[in-house]
Amino acid sequence: MSYIKDKKVAIDDTWYELLHDEFEKEYFIHLKAFLKSEKEKYTIYPPGSKIFSAFNHTPVDKVKVVIIGQDPYHGAGQANGLCFSVSDGIKQPPSLVNIFKELHNDLNLPMPKNGNLEKWANQGVLLLNATLTVRANQAGSHQKQGWEEFTDSVIKKLSEKKDGLIFLLWGKFAQDKAALIDHSKHSILKAAHPSPFSANKGFFGCKHFSKTNEILINNGQSPIDWKIE
């Protein structure tokens, strides 16, 4: 593990090797100063040790699938550093419930009682939020402070360095990231966002879970076991 700021904020070595130049750029230095100031005045989610959880559960060489979210959840105990995921014992937010409904309809898997998606991440599903921190109870409060530049760089570098990735882009925000991806090397699956406001407009019925596994198998890779215990 490589430490970014202190002994509480660390990122997997394979990611540090890929991204180390980003940590020295002016925007990231500004971002660190912003986060230090925020932490002095407010409660910030997720905790420092989980800011880079998506990277620590899914090293660069293991990435097979990328799901892009926007912000961490801003309620107490919810955010665990993986997009759409919540920590053990936390009530599932509506978007996650809808993801599980589609999973059930697509693959006939039971509706999970647990909303922690670490099992997916450990199999090579990078669960990447565009913004990696948020102020408690204030959605979007850490947008436009540098995180988006960092995570855009993550997507671009993955696109350049890897082959045959599958990007699941749910909703307009995620779909705008398609411009960062080399379409000739990677598969891109698009659908509406799973939130209650849009799930009926194309998320339900998208069958992205079975389609992802079909692509992986056709590429000679092992499928994802999407079942959450």
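The residue count restarts for each chain, going from 1 along the sequence in the order it is written. Predicted model: local features are reported for residues with pLDDT of at least 70 only, side-chain atom pairs are reported and counted for 80 or more only, and whole-chain, interface and lining totals are derived from all residues. Computation of side-chain values: all heavy atoms of the structure, hydrogens and water removed.

## What about the packing of helix α4 (residues 94-107) against helix α8 (residues 208-218)?
The contact between α4 and α8 brings their axes to 8 Å, and the two run at 60 degrees. Classified by the angle their axes make, α4 and α8 are oblique. Across the interface between the two elements, Ile99, Glu102, Leu103, Asp106 and Leu107 from α4 touch His208, Phe209 and Ser210 from α8. Basically, the charged four are Asp, Glu, Lys and Arg, the nonpolar ten are Ala, Val, Leu, Ile, Met, Phe, Trp, Tyr, Cys and Pro, and anything else, Gly included, counts as polar. Class assignment of the residues belonging to the contact of α4 with α8 gives a composition of four nonpolar, two polar and two charged. Convention adopted: a line fitted to C-alpha atoms gives each axis, helices being fitted over their contacting stretch, and angles between N-to-C directions are expressed from 0 to 180 degrees. Going along the chain from the N terminus, every DSSP run of H or I of four or more residues is numbered as a helix, and every run of E of two or more is numbered as a strand. These descriptions rest on fixed angle ranges, namely under 35 degrees for roughly parallel, over 145 for roughly antiparallel, 65 to 115 for roughly perpendicular, and the rest for oblique. In what follows, residue pairs with any heavy atoms lying within 4.5 Å of each other are defined as contacts.

## Comments concerning the packing of helix α2 (residues 26-41) against helix α6 (residues 147-161)
Between α2 and α6, the shortest axis-to-axis distance is 9 Å and the interhelical angle comes to 130 degrees. By the angle between their axes, α2 is oblique relative to α6. Two packed elements cross with a definite hand, and for α2 against α6 that hand is left-handed. Contact residues: Tyr27, Phe28, Leu31 and Leu35 in α2; Trp147, Glu149 and Phe150 in α6. When grouped by side-chain class, the residues that make up the contact of α2 with α6 number six nonpolar, no polar and one charged. Crossing handedness: left-handed means the near helix sits turned counterclockwise from the far one by under a right angle, and right-handed means the same turn made clockwise.

## Let's talk about the sheet that holds strand β4 (residues 65-69)
The strand order across the open sheet formed by four strands is β5-β4-β7-β8, and the pairing between neighbours is parallel. Looking at strand neighbours, the two that pair on one side only are β5 (125-129) and β8 (187-191), the edges of this open sheet. Averaged over all pairs of adjacent strands, the angle between strand axes in this sheet comes to 20 degrees, irrespective of strand direction. At least two DSSP bridges between two strands are required for those strands to pair. Pairing of strand β7 (residues 166-170) with β8, which is carried by five bridges, proceeds in the parallel orientation. Note that in β8 the partner of Leu168 across the bridge is Leu189. On top of the sheet, α6 reaches β4, β5 and β7; it is set at about 150 degrees to β5, its chief contact.

## So, α2
The end-to-end C-alpha distance of α2 is 23 Å, a good match for the 22 Å that 16 residues give at a rise of 1.5 Å each. Within α2 the residues assigned to the buried category are Tyr27, Phe28, Leu31, Phe34, Leu35 and Glu38. Buried residues of α2, viewed axially, fall in a sector of 115 degrees; they line one side. For α2, the exposed residues set more than 90 degrees away from the buried face come down to Glu26, Lys36 and Glu40. Multiplying 1.5 Å by the helix residue count minus one yields the expected span of that helix. With a 1.4 Å probe rolled over the protein chains alone, any residue whose accessible area is under 20% of its type maximum counts as buried; one over 50% counts as exposed, and the rest are partly exposed. Note that the arc is computed from the directions linking the helix axis to the C-beta atoms.

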